[in-house]
Amino acid sequence: MKRLFLPILLLALAMPVAAQEKPPQEDTGPILNGARQLVIEFLDLDADQAAAWEVLWADHRAAEVPILDQIADVQAIIEDLFAAGVPDATELGLLVIERHDLGDALIDVHRVYLEGFELLLDEDQGRRLRELRVAERIQGFIPAFRALDLVRR
């Protein structure tokens, strides 16, 4: 039983990260186009900023694709090892480490995108983006405050 604990623990740690990552959108479609337009309007981006953001977005998405493909490949190997029976703990551990490193690489790609986007903004636009990020972080608390009549219903 002890031999199964480590592989199962490693898989349990890897699976939530795998579930969080979404493949990039190939087609911009009306939803992404609408979202893009709302961001442009909310932050009051000028034409040059919007064009630079479009390039940054495309570069970001292009950088994600090979990493996401590698993640999918490693995850498939991990799942195959479990499907075949009791996997070798060393092999599984190395794969989970590789999977984790690829996840870190994906985070780095996203971080570069965010930092590049923030550099496009002037001071007022940056302030509005920071305010939106704060609002996003606290929105999960609002229902609790509403339930206790601490904010308007």
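Small disclaimer: the values here were computed from a predicted structure and weren't measured.

Asker: What am I meant to see in the side chain of R61 here?
Answerer: Note on placement: R61 falls in helix α3 (residues 47-83). The buried category is assigned to R61, whose relative accessible area is 17%.

Asker: What should I look at first to understand α3 in this one?
Answerer: Two residues of an α-helix separated by three or four positions point the same way, owing to the 3.6 residues in each turn. Helix length check: α3, at 37 residues, gives a terminal C-alpha distance of 52 Å against a target of 54 Å (1.5 Å per residue), a fit within 8%. Its axis deflected by about 25° at V65, α3 carries its strongest bend there, up to four residues before the proline P66. The opening residue of α3 is D46, an N-cap whose side-chain oxygen sits 3.1 Å from the backbone nitrogen of D48. One or two positions beyond α3, positive phi appears at G85, with a value near 130°.

Asker: Would you mind showing me how to read the packing of α3 against helix α4 (residues 89-120) here?
Answerer: Packed helix pairs are characterised by how far apart their axes lie and by the angle those axes make with each other. Viewed as axis vectors pointing N to C, α3 and α4 meet at an angle of 170°, and their least axial separation amounts to 9 Å. As far as their axial angle goes, α4 and α3 are roughly antiparallel. Grouping the amino acids of the contact of α3 with α4 by side-chain chemistry returns 23 nonpolar, seven polar and four charged.

Rules used in this analysis
- Residues numbered from 1 in each chain as written.
- Predicted model: local features only at pLDDT ≥ 70, side-chain atom pairs only at ≥ 80, totals over all residues.
- Heavy atoms only, no water.
- Helix = DSSP H or I, 4+ residues; strand = E, 2+ residues; numbered from the N terminus.
- Buried < 20%, exposed > 50% of the residue type's maximum accessible area, 1.4 Å probe, protein only.
- Expected span 1.5 Å × (residues − 1).
- Bend = angle between axes of the 7 residues up to and from the residue.
- Polar contact = N/O pair within 3.5 Å; in protein donor to acceptor, adjacent residues only side chain to side chain.
- Axes fitted to C-alpha atoms, helices over the stretch in contact; angles between N-to-C directions.
- Parallel < 35°, antiparallel > 145°, perpendicular 65-115°, else oblique.
- Nonpolar A, V, L, I, M, F, W, Y, C, P; charged D, E, K, R; others polar.

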